[in-house]
Amino acid sequence: MTHPIAVTAGEPAGIGPDILLMTAMQPQPVPLVAIADRDLLADRARSLNLDIRLVDAADPGAATTGYPAGTLAVRHCPLRRPVTAGQLDPHNAPYVLETLDIAIAGCLSGEYAAMVTCPLQKSVINDAGIPFSGHTEYLAEKTGTPRVVMLLAAGGLRVALATTHLPLADVPAAITRDSLTATLRILHADMQRRFGIPAPRIAVLGLNPHAGEGGHLGREEIETIAPVLETLRSSGMSLIGPLPADTAFTPRALKGVDTVLAMYHDQGLPVLKYAGFGSAVNITLGLPIVRTSVDHGTALDLAGKGTADAGSLAEAISQAVRMAKTG
Ligand SMILES: NC(=O)C1=CN([C@@H]2O[C@H](COP(=O)(O)OP(=O)(O)OC[C@H]3O[C@@H](n4cnc5c(N)ncnc54)[C@H](O)[C@@H]3O)[C@@H](O)[C@H]2O)C=CC1
Ligand SMILES: NCC(=O)COP(=O)(O)O
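Quantities reported herein were computed from a predicted structural model and do not represent experimental measurements.

(A) Region of interest: the site of ligand 2. Ligand 2 sits among Gly-134, His-135, Thr-136, Leu-269, Asn-282 and Ser-293. Split by residue class, the shell around ligand 2 holds 1 nonpolar, 5 polar and no charged.

(B) Region of the structure containing the environment of Val-321. Structurally, Val-321 is set in helix α13 (residues 311–324). Along the backbone, Val-321 and Ala-153 are 168 residues apart, and their C-alpha atoms lie at a distance of 15 Å.

(C) The arrangement of the domain arrangement of the protein in detail. Split into domains, the protein comes out as domain 1 (5–145 + 288–326) and domain 2 (149–274). Here domain 1 and domain 2 have C-alpha centroids that lie 30 Å from each other. Taken together, the contact pairs 7 residues of domain 1 with 7 residues of domain 2. Residues that form the side of domain 1 that touches domain 2 fall into these classes: 1 nonpolar, 4 polar and 2 charged.

(D) Region of the structure containing the sheet that holds strand β5 (residues 114–117). Pairing is mixed across the open sheet formed by 12 strands, whose spatial order is β3-β4-β2-β1-β5-β12-β11-β6-β7-β10-β8-β9. On the outer flanks of this sheet lie β3 (53–56) and β9 (238–243), each paired with one strand and no other. In this sheet, neighbouring strand axes are inclined to one another by 30 degrees on average, regardless of whether the strands run parallel or antiparallel. Summarising the sheet, strand β6 (residues 149–154) and strand β7 (residues 157–161) pair through 5 bridges and their orientation is antiparallel. Bridge pairing in β7 links Leu-151 to Ala-160.

(E) Region of interest: the packing of helix α8 (residues 177–193) against helix α9 (residues 220–234). Two elements in contact, α8 and α9, have axes separated by 9 Å at closest approach and are oriented at 45 degrees. As the angle between them shows, α8 and α9 are arranged oblique. The handedness of the crossing between α8 and α9 comes out as right-handed. Judged by residue contacts, Arg-177, Leu-180, Thr-181 and Leu-184 of α8 engage Thr-224, Ile-225, Pro-227, Val-228 and Leu-232 from α9. Grouping the amino acids of the contact of α8 with α9 by side-chain chemistry returns 6 nonpolar, 2 polar and 1 charged.

(F) The site of ligand 1, seen in detail. Close to ligand 1 lie 19 residues; Pro-119, His-296, Gly-297, Ala-299 and Asp-309 are nearest. Partitioned by chemical class, the residues of the shell around ligand 1 number 7 nonpolar, 9 polar and 3 charged.

(G) Inspection of the nonpolar core at higher detail. Counting residues in each nonpolar core, the largest one holds 97 residues, and the members touching the most others are Ile-5, Ala-34, Ile-35, Ala-114, Leu-261 and Ala-262. The element contributing the most residues to this core is helix α4 (residues 93–109), with 8 residues. Inspection of this core shows a minimum of three residues originating in each of domain 1 (5–145 + 288–326) and domain 2 (149–274). Dropping the residues within four chain positions of it, Ala-34 is found in contact with Val-7, Ala-9, Leu-20, Leu-41, Leu-72, Ala-73, Val-74 and Arg-75.

(H) Highlighting the UniProt feature "binding site: substrate" (unreviewed entry) in the protein. Here the UniProt feature "binding site: substrate" (unreviewed entry) sits at His-135, Thr-136, Lys-273, Asn-282 and Arg-291. By secondary structure assignment, the location of Lys-273 is in helix α12 (residues 265–276). Not counting the four nearest positions on each side in its chain, Lys-273 is found in contact with Ala-280 and Asp-295. Note that Asn-282 resides in strand β11 (residues 281–285). We classify Asn-282 as buried; it has 25 C-beta atoms within 10 Å.

(I) Molecular detail of the pairing of β5. Burial along β5 is two-sided: Ala-114 and Val-116 facing one way and Met-115 and Thr-117 facing the other are all buried. In this structure, strand β1 (residues 5–8) lies alongside β5, joined through 4 bridges in parallel fashion. Within β5, the residue paired with Thr-8 across the bridge is Thr-117. Strand direction decides the pairing type here: β5 and strand β12 (residues 291–294), joined by 3 bridges, are parallel. Bridged to Val-116 within β12 is Thr-292.

(J) Molecular detail of the pairing of β9. Here strand β8 (residues 201–205) pairs with β9 via 4 bridges, running parallel. Residue pairing in the sheet places Arg-201 in a bridge with Ser-238 of β9.

(K) View of the UniProt feature "binding site: a divalent metal cation" (unreviewed entry) in the protein. Residues annotated in UniProt with the feature "binding site: a divalent metal cation" (unreviewed entry) correspond here to His-165, His-210 and His-265. Maximum C-alpha separation among the annotated residues is 23.5 Å over a sequence range of 101 residues, too wide for a single clustered spot. You can see His-210 is positioned in the loop between β8 and α9. Sequence-distant contacts of His-210, that is, excluding residues within four places in its chain, are made with Leu-217 and Pro-244.

(L) Quick look at α4. The end-to-end C-alpha separation of α4 is 25 Å, in line with the 24 Å expected for 17 residues at 1.5 Å each. Residues of α4 that are buried: Ala-93, Tyr-95, Val-96, Thr-99, Leu-100, Ile-102, Ala-103, Ile-104, Gly-106 and Cys-107. The inward-facing, buried residues of α4 contact β1, β2 (32–36), β4 (71–76), β5, α5 (122–127) and α6 (135–142). Just downstream of α4 lies Gly-110, where phi reads positive at about 90 degrees.

Conventions adopted
- Residues numbered from 1 in each chain as written.
- Chains lettered and ligands numbered in written order.
- Predicted model: local features only at pLDDT ≥ 70, side-chain atom pairs only at ≥ 80, totals over all residues.
- Near = placed C-beta within 6 Å.
- Nonpolar A, V, L, I, M, F, W, Y, C, P; charged D, E, K, R; others polar.
- Helix = DSSP H or I, 4+ residues; strand = E, 2+ residues; numbered from the N terminus.
- Domains from an automatic or database assignment.
- Contact = placed C-beta atoms within 7 Å.
- Pairing = 2+ DSSP bridges.
- Axes fitted to C-alpha atoms, helices over the stretch in contact; angles between N-to-C directions.
- Parallel < 35°, antiparallel > 145°, perpendicular 65-115°, else oblique.
- Left-handed = near helix turned anticlockwise from the far one by under 90°.
- Core = buried A, V, L, I, M, F, W, Y, C linked by C-beta atoms within 7 Å.
- Buried ≥ 20, exposed ≤ 12 C-beta atoms within 10 Å, placed from the backbone.
- UniProt positions renumbered as here; feature names shortened; annotations may be inferred.
- Expected span 1.5 Å × (residues − 1).

Below you can see the structure in the form of structure tokens.
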């Protein structure tokens, strides 16, 4: 791999700039290019007492050999307003989205091998009047991908989601035979291509308590989930379920399972974050580019203090390197 990985710094008032600078103080597996405002990074480095050298990403060393620990290449993207750590400002929402646009364009053109995202604050982008529900949905839209799948991985546990950032009340209607079929096809294909698992075993959760209790606690399992699994099994996929979610994450149930498909965000992610918060990685499957991210949010309470844990960003970079090698 000779191309650098783009790392977007995320919400400027959050811990994204902090963990990016902390990471650049350590040796990296490939050259990194920070997509961020250079003065923001310089100010934050001073707050964190990090003796880091920021160089222009146009410098030839940035794209080829990279730099030793303590030097970070920056593709400058100007803030719209000065930033105080911990204080959100909707005026900077266009800046956050511009950093993503630069990374996406660079991945599509082949300038970057992959993009890794530091956390952004979804609410402040909405407060700026811009409809936005998450990186996952934004990347799908900007790359013209009709459906993508969010998957988080922590150690040996992988949890994918059938729906992403949706109000709970909208979840049942979003799980249709078509949407679930498309999600499972992407998950199966990327388990093979990106994770090198030739015949992935996927455990699929039910939507309702006890997977619907034979129809007495909801009918989505009978009318939607089970028929989809049956059809896809006949095309050769190894699918288990629909399983009651409350016992699906016990060690016995997880034995031999390569990934779990949860029906919604808070059915799957609390378990994953309990298992590995701080070292888990968020991956968007189904995109024409490689994108990974941290497992945490903007942690405004920690920004500029030097107490944020940068472990998940290190894992996200390592995962992006592995996935970029799969083409
Ligand atoms: N990939 C992304 O862009 C993500 C963005 N978010 C966004 O972040 C914002 C804040 O979300 P919250 O629910 O408050 O979650 P959060 O992850 O920012 O914070 C939850 C708790 O974990 C702590 N924490 C988070 N990251 C940490 C780190 N690296 N080291 C040490 N402690 C850490 C925080 O201090 C806080 O106590 C929301 O707007 C949310 O949408 C949330 C998750 C992922
Ligand atoms: N809980 C995961 C999360 O909110 C990250 O979403 P995204 O911004 O990566 O789409």
